There are 2 protein chains.
Amino acid sequence: MGRGAGKRVGVVLSGCGYLDGSEIQEATVTLLALDREGAKVRAAAPDVEQMHVVDHRLAQPTQEKRNILVEAARIVRGQIVPLDELHACDLDALVVPGGYGVAKNLCSFAVDGPRLQVHPEVERVVREMHAARKPQGFICIAPMIAAKVLGSHHPRLTIGNDPQTATTVRELGGEHVECPVDEIVVDEVNLLLSTPAYMLGPTIAPVAAGIERLIARLLVMA
Amino acid sequence: MGRGAGKRVGVVLSGCGYLDGSEIQEATVTLLALDREGAKVRAAAPDVEQMHVVDHRLAQPTQEKRNILVEAARIVRGQIVPLDELHACDLDALVVPGGYGVAKNLCSFAVDGPRLQVHPEVERVVREMHAARKPQGFICIAPMIAAKVLGSHHPRLTIGNDPQTATTVRELGGEHVECPVDEIVVDEVNLLLSTPAYMLGPTIAPVAAGIERLIARLLVMA
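Structure report, in brief.

Basis of the calculations
Residues numbered from 1 in each chain as written. Chains lettered and ligands numbered in written order. Predicted model: local features only at pLDDT ≥ 70, side-chain atom pairs only at ≥ 80, totals over all residues. Heavy atoms only, no water. Helix = DSSP H or I, 4+ residues; strand = E, 2+ residues; numbered from the N terminus. Rg over C-alpha atoms; globule rule 2.2 N^0.38 Å. Buried < 20%, exposed > 50% of the residue type's maximum accessible area, 1.4 Å probe, protein only. Polar contact = N/O pair within 3.5 Å; in protein donor to acceptor, adjacent residues only side chain to side chain. Contact = heavy atoms within 4.5 Å. Buried area = accessible area lost by both parts, 1.4 Å probe. Salt bridge = Lys/Arg side-chain N within 4 Å of Asp/Glu carboxyl O. Phe/Tyr/Trp six-rings, centres within 6.5 Å; stacked < 30°, edge-to-face > 60°. Lys NZ or Arg CZ within 6 Å of the ring centre and 35° of its normal. Least-squares fit on C-alpha atoms with pLDDT ≥ 70 in both. Pairing = 2+ DSSP bridges. Axes fitted to C-alpha atoms, helices over the stretch in contact; angles between N-to-C directions. Parallel < 35°, antiparallel > 145°, perpendicular 65-115°, else oblique. Left-handed = near helix turned anticlockwise from the far one by under 90°. Nonpolar A, V, L, I, M, F, W, Y, C, P; charged D, E, K, R; others polar. Expected span 1.5 Å × (residues − 1).

**A short note on the overall build of chain A**
Then, in step 1: Helix and strand counts for chain A stand at 8 helices and 11 strands.
Then, in step 2: Relative to the globule expectation of 17 Å for 222 residues, the C-alpha radius of gyration of chain A, 15 Å, shows essentially globular dimensions.
Then, in step 3: Projected onto its principal axes, the C-alpha coordinates of chain A cover approximately 45 × 35 × 35 Å.
Then, in step 4: Looking at the 222 residues of chain A, the share that counts as buried comes to 64%.

**Brief notes about the side chain of R74 of chain A**
Then, in step 1: Along the polypeptide, R74 of chain A turns up in the loop between α2 (68-72) and β5 (80-82).
Then, in step 2: Reaching out from R74 of chain A, the side chain makes a polar contact with the backbone oxygen of C16 of chain B at a distance of 2.9 Å.
Then, in step 3: Sequence-distant contacts of R74 of chain A, that is, excluding residues within four places in its chain, are made with C16 of chain A together with C16, G17, D20, I24, V53, V54, H56 and R66 of chain B.

**Comments concerning the interface of chain A and chain B**
Then, in step 1: At the junction of the two partners, chain A supplies 41 residues and chain B supplies 41 residues.
Then, in step 2: Between chain A and chain B, roughly 3300 Å² of surface is buried when both sides are summed, and carbon and sulfur atoms account for 53% of that area.
Then, in step 3: Among the residues chain A hides against chain B, the three largest losses belong to R57, R74 and R77 of chain A. Together they make up 26% of the total.
Then, in step 4: Linking chain A with chain B are 8 salt bridges.
Then, in step 5: Where R74 of chain A meets D20 of chain B, a salt bridge forms, and the shortest distance between an N and an O atom there is 2.8 Å.
Then, in step 6: Counting every contact that joins chain A to chain B gives 20 residue pairs in polar contact (both at pLDDT 80 or more).
Then, in step 7: Elements that contribute at least two residues to the side of chain A that touches chain B include exactly α1 (24-36), β3 (54-55), α2, β5 and α8 (204-221) of chain A.
Then, in step 8: With 8 residues, α1 of chain A is the single largest residue contributor to the side of chain A that touches chain B.

**As for the packing of aromatic side chains**
Then, in step 1: With the rule as written, the count across this model stands at 0 aromatic pairs over all chains.
Then, in step 2: It is R77 of chain A that lies over the ring of Y198 of chain B; its NZ or CZ is 3.6 Å from the centre.

**Digging into the relation of the copies chain A and chain B**
Then, in step 1: When chain A is fitted onto chain B, the two copies agree to an RMSD of 0.0 Å after a turn of 180 degrees and an axial shift of 0.0 Å. Each copy turns onto its partner about a two-fold axis. For chain A, the minimum C-alpha distance to the rotation axis belongs to T28 of chain A and amounts to 3.5 Å.
Then, in step 2: Comparing contact sets, 100% of the residues at the interface of chain A also lie at the interface in chain B, consistent with an isologous, same-surface contact.

**Here's the deal with the sheet that holds β5 of chain A**
Residue and element names in this part refer to chain A.
Then, in step 1: The strand order across the open sheet built from 7 strands is β5-β2-β1-β6-β7-β11-β10, with neighbouring strands paired in mixed fashion. Because the sheet does not close on itself, it has two edges, and the strands there are β5 and β10 (185-187). Direction aside, the axes of adjacent strands within the sheet are offset by 20 degrees on average.
Then, in step 2: Sheet topology places strand β1 (residues 8-12) next to strand β6 (residues 93-96); 3 bridges connect them, and they run parallel. Its bridge partner lying in β6, G10 is registered against L94.

**Topic: the packing of helix α1 (residues 24-36) of chain B against helix α8 (residues 204-221) of chain B**
Packed helices, taken two at a time, are described by the angle their axes make and the gap between the axes.
Residues and elements named next belong to chain B.
Then, in step 1: Running from amino to carboxyl end, α1 crosses α8 at an angle of 45 degrees, the nearest separation of the two axes being 9 Å. The orientation of α1 relative to α8 falls into the category oblique. Regarding α1 and α8, the two cross each other, and that crossing is right-handed. On the side of α1, the interface is formed by Q25, E26, V29, T30, A33 and L34, while α8 contributes I204, V207, A208, I211, E212, I215 and L219.
Then, in step 2: Grouping the constituent residues of the contact of α1 with α8 by class yields 9 nonpolar, 2 polar and 2 charged.

**Things to note about α8 of chain B**
Then, in step 1: With 18 residues, α8 of chain B extends 25 Å from end C-alpha to end C-alpha; this agrees with the ideal 26 Å at 1.5 Å per step.
Then, in step 2: Every buried residue of α8 of chain B is accounted for by I204, A205, V207, A208, G210, I211, L214, I215, A216, L218 and L219 of chain B.
Then, in step 3: Buried-residue contacts for α8 of chain B involve α1 of chain A together with β1 (8-12), α1, β6 (93-96), β7 (136-139) and β11 (192-195) of chain B.

**What about the environment of F138 of chain B?**
Then, in step 1: Among the secondary structure elements, F138 of chain B is positioned in strand β7.
Then, in step 2: Residues within four places of F138 of chain B in sequence aside, it is in contact with V96, V126, P143, I145, A146, L192, L193, S194, T195 and L214 of chain B.

**Regarding the environment of L193 of chain A**
Residues and elements named next belong to chain A.
Then, in step 1: Looking at where L193 falls in the secondary structure, it is placed in strand β11 (residues 192-195).
Then, in step 2: Among the residues examined, L193 registers a relative accessible area of 0% and is labelled buried.
Then, in step 3: Spatially, the C-alpha atom of L193 lies 14 Å from that of V9, the residues being 184 residues apart in sequence.
Then, in step 4: Among residues more than four places away in sequence, those in contact with L193 are P135, Q136, G137, F138, I184, V185, V186, L214, R217, L218 and M221.

**Considering the side chain of T158 of chain A**
Residues and elements named next belong to chain A.
Then, in step 1: Residue position: T158 is located in the loop between β8 (156-157) and α7 (163-171).
Then, in step 2: In terms of polar contacts, T158 uses its side chain to reach the backbone amide nitrogen of G160, at 2.9 Å.
Then, in step 3: Sequence-distant contacts of T158, that is, excluding residues within four places in its chain, are made with C140, P143, H176, V177, E178, C179, V185, S194, T195 and P196.

**Quick notes on the sheet that holds strand β5 (residues 80-82) of chain B**
Residues and elements named next belong to chain B.
Then, in step 1: Sheet architecture is open: 7 strands sit in the order β5-β2-β1-β6-β7-β11-β10, paired in mixed fashion. Strand pairing shows two members of the sheet lacking a second neighbour, β5 and β10 (185-187), which therefore form its edges. Going from strand to strand, the sheet's axes swing by 20 degrees on average, the running direction of each strand aside.
Then, in step 2: Against the sheet, α8 engages β1, β6, β7, β10 and β11, with an angle of about 170 degrees to β11.

Structure below.
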């Protein structure tokens, strides 16, 4: 038990597997850090079909169809609700792990780049949390969602050091801060935290160091 | 870096998701502990169809067909080889995380109970490691494989405290030792380590404590 004792933290997932869903290692390390701090996880995902399915051995799309919520349930052993059941009033904090699923299923960044659209339920919960002055953590590519939804509030965020992605964050109204993989960027005004995770990598241990730091700070702010 | 610096550890996966493949949290915590100790992971899985596919939200089988190796690749970001390419001569240690995939895909315990058969490539690599006097870690239900393959060597193992499963371990020639989730059982003669993980649970933090202890000891023995 620790800083998170009894705090309720929403975790928004986007599938199961980094090429078409949530980055499994980032999501699992998030769950581990939250459980170690005594927080109560409420996982959620959109109950709709994934953009596509990718064979993770060959890194090639397949013809299969899978549902985001059903696949995300694999990571959390079935303990998950449809995203439209996740509300800021029931939460003390929110976390969005990364993976291409964020850029393919939670928003359209992978396809539309700077003209991305955010899934309406994702946009709703991020806006609700911001309006309620509750902290939110965005991992890997997920800060792009905060940049798009909260751009008018000029959020301070990191996606690591990729120049093109950082430029998009700025075009959406955000301030991009370069950050190493085991560190976090904190926006004290908007109560946003971010860490680069597998935007930088290269392996799970440094990725986990950044995520653990993010969760520790998130729970202090919650 | 630590006890594992440069040591080569095989990780045998059985799919992706606890109801039809590897338990994702156990597998990821294993990868994290190995990376933190500086070990080099060589992940592998059988390149054949899963026994079946289970919807993890409803806990119900579906009509889909999925390949064990292709699904397991999700957990390790594509860095995986077919199990027939994994050989004891290339490894310093081996780990088998749990999940029903172990009892459905790596052996037939879920269907056949005490009359289980072990996948021939799983049996081969476990026998090779044992003959080469290299340590092996078995997590959750995976000790059942060690009990079946190495039963004539009377392996000392834990699957937690489930009486029926413990009875099967004994019927196969093993000695079953009750063990709490955050602890391990060590067989110094056969160089086998085991921890109950989600055979006991209840959540990822205590499961991770047991797995971290197992990996630390495995790398000392390697």
